[in-house]
Amino acid sequence: MDKKQRIFYLDFIRVIAILLVIFIHVSTIDTTKHIGTTDWQIIKMLNYFAHISVPIFL
């Protein structure tokens with residue numbers, strides 16, 4: 001039987017994507033607090049960039 005070999009860099013990308021999705025869900029808690037502050041703007045930018053993980057699963 002031919003055993004499939006795992007491609008480890010794809011697994012690594014999946015792990016990063018999972019962590020980014022978790023970050024998206026956790027950071028939405030802070031987006032409703034302190035609207036307009038510098039911390040809020042930084043969290044919104046990081047949340048925006050973390051959305052790259054969503055198409056990785058598709």
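All figures in this text were calculated on a predicted structure; none of them were measured in a lab.

1. Things to note about the overall build of the protein chain
- Looking only at helices and strands, the protein chain features three helices and zero strands.
- Along the protein chain, helices and strands appear, N-terminal first, in the series α-α-α.
- The burial tally for the protein chain puts 16% of its 58 residues in the buried class.
- Long-range pairs, those at least 24 residues apart, make up 57% of the contacts in the protein chain with a sequence separation of at least 6.
- If you sum the accessible surface of the protein chain, you get close to 5300 Å²; carbon and sulfur atoms cover 70% of it.

2. Notes on the confidence of the model for the protein chain
- Counting all residues, the mean pLDDT for the protein chain is 82, and 90% of those residues have values of 70 or more.
- When the elements of the protein chain are averaged for pLDDT, helix α3 (residues 53-57) gives the smallest value, 82, and helix α1 (residues 8-31) the largest, 86.

3. Observations regarding the side chain of Ser53
- Tracing the chain through its elements places Ser53 in helix α3.
- Its relative accessible area of 0% is what places Ser53 among the buried residues.
- Within polar-contact distance, the side chain of Ser53 engages the backbone oxygen of Ala50 at 2.9 Å.
- Those residues within four positions of Ser53 in sequence are excluded, and the remaining contacts are Ala17, Leu20, Val21 and Ile24.

Rules behind the numbers
- Per-chain numbering applies: the sequence of each chain, read as written, is numbered from 1 onward.
- Per-residue local features of the predicted model are confined to residues with pLDDT of at least 70, and side-chain atom pairs are confined, for both listing and counting, to 80 or more; whole-chain, interface and lining totals are unaffected and use all residues.
- Note that the side-chain values use all heavy atoms of the structure and ignore hydrogens as well as water.
- Only DSSP runs of H or I covering at least 4 residues are called helices, and only runs of E covering at least 2 are called strands; the numbering of each starts at the N terminus.
- Only protein chains enter the accessibility calculation, which uses a 1.4 Å probe; a residue whose area is less than 20% of its type maximum is buried, one above 50% is exposed, and one in between is partly exposed.
- Residue contacts are counted whenever heavy atoms from the two residues lie within 4.5 Å of one another.
- Calculation of accessible area relied on Shrake-Rupley with a 1.4 Å probe; when residues are assessed, cover is drawn exclusively from the protein chains displayed.
- You can read pLDDT as the predictor saying how much it trusts each residue, on a scale of 0 to 100.
- Between N or O atoms, a polar contact is any pair within 3.5 Å; within protein, one atom must be a potential hydrogen donor and the other a potential acceptor, and residues adjacent in sequence are included only when both atoms are from side chains.

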